[in-house]
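# Descriptive structure summary
So the chains spell out like this:
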Amino acid sequence: MRFLNRLGGPKVVVGVLAAISALQLALITIGNITDYNTNYAFVQHVFAMDTTFKSPNLMWRAITSPGLVTAAYVLIIIWEGLSAVALIAAVVAWIRGSRLAQRLTSLGWLMEAMLFGGGFIAIGGEYFQMWQSSKWNGLTAALQNVIIASVGLILTHLLTSGRREGAGDLQEDDGRPA
């Protein structure tokens, strides 16, 4: 029974979910490197806004410079890779029982949420009006990643919600004297 309690415990659950996210982000990174042109075309079309409604009031936002598109795409790949590395390190930390496991997991999922929420949904979806495109619209996939990362972040932080953070950590003031 003790084994089942541990196996289904919150730390194991978060560790397994972190492993799944790490695998996905690693595969995304490898795919973007080995099949560079497929997703480069996606970024290129989103930046160019060439399949949007082409409102004259918004087309000034379009970026067609190959250098800027390439730089953005390379930064996206690097960010995905670093997110995967953070989550892989988190999984190793969970297995070893390291106190860093929660921090690394939180970092990896925060990076994933920032990329897909901030980068793809906010910047791609709204700034570059990706939502208007029937062909180059990655909002659904981005939302899936934001949801996965957000649920992971919530679970990770629920693990520490009942304990006081260590010295030097940011703490919420609950109004009681320390």
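In the block above lies the structure referred to throughout.
This report concerns the structure included in the present document.

Conventions used here
- Residues numbered from 1 in each chain as written.
- Predicted model: local features only at pLDDT ≥ 70, side-chain atom pairs only at ≥ 80, totals over all residues.
- Heavy atoms only, no water.
- Helix = DSSP H or I, 4+ residues; strand = E, 2+ residues; numbered from the N terminus.
- Expected span 1.5 Å × (residues − 1).
- Contact = heavy atoms within 4.5 Å.
- Phe/Tyr/Trp six-rings, centres within 6.5 Å; stacked < 30°, edge-to-face > 60°.
- Buried < 20%, exposed > 50% of the residue type's maximum accessible area, 1.4 Å probe, protein only.

Right, let's get into helix H2 (residues 10-34). Across its 25 residues, H2 extends 36 Å between first and last C-alpha, which sits within 8% of the 36 Å expected from 1.5 Å per residue. On its buried face, H2 is in contact with helix H3 (36-48), helix H4 (66-96), helix H5 (101-127) and helix H6 (139-160).

Our focus in this paragraph is the environment of Leu17. Mapped onto the secondary structure, Leu17 falls in helix H2. Along the backbone, Leu17 and Thr105 are 88 residues apart, and their C-alpha atoms lie at a distance of 9.7 Å. Apart from residues no more than four positions distant in its own chain, Leu17 is found in contact with Trp109 and Leu155.

Glancing now at the packing of aromatic side chains. For the structure on display, the rule yields nine aromatic pairs. Ring plane angle 20 degrees and centroid distance 5.7 Å describe the contact between Tyr36 and Tyr40, whose orientation is recorded as stacked. Linking Tyr36 with Tyr40, this pair stays in helix H3, spanning four residues, or about one helical turn. Taking the relative accessible area as the measure of exposure, Tyr36 reaches 27% and is therefore partly exposed. The buried category is assigned to Tyr40, whose relative accessible area is 13%. Ring geometry for Trp60 and Tyr127: centres 6.3 Å apart, planes at 90 degrees, overall edge-to-face.

With that settled, consider the side chain of Thr156. Inspection of the secondary structure puts Thr156 in helix H6. Once you skip the residues sitting within four places of it in the chain, Thr156 turns out to touch Val14, Gln102, Thr105, Ser106 and Trp109.

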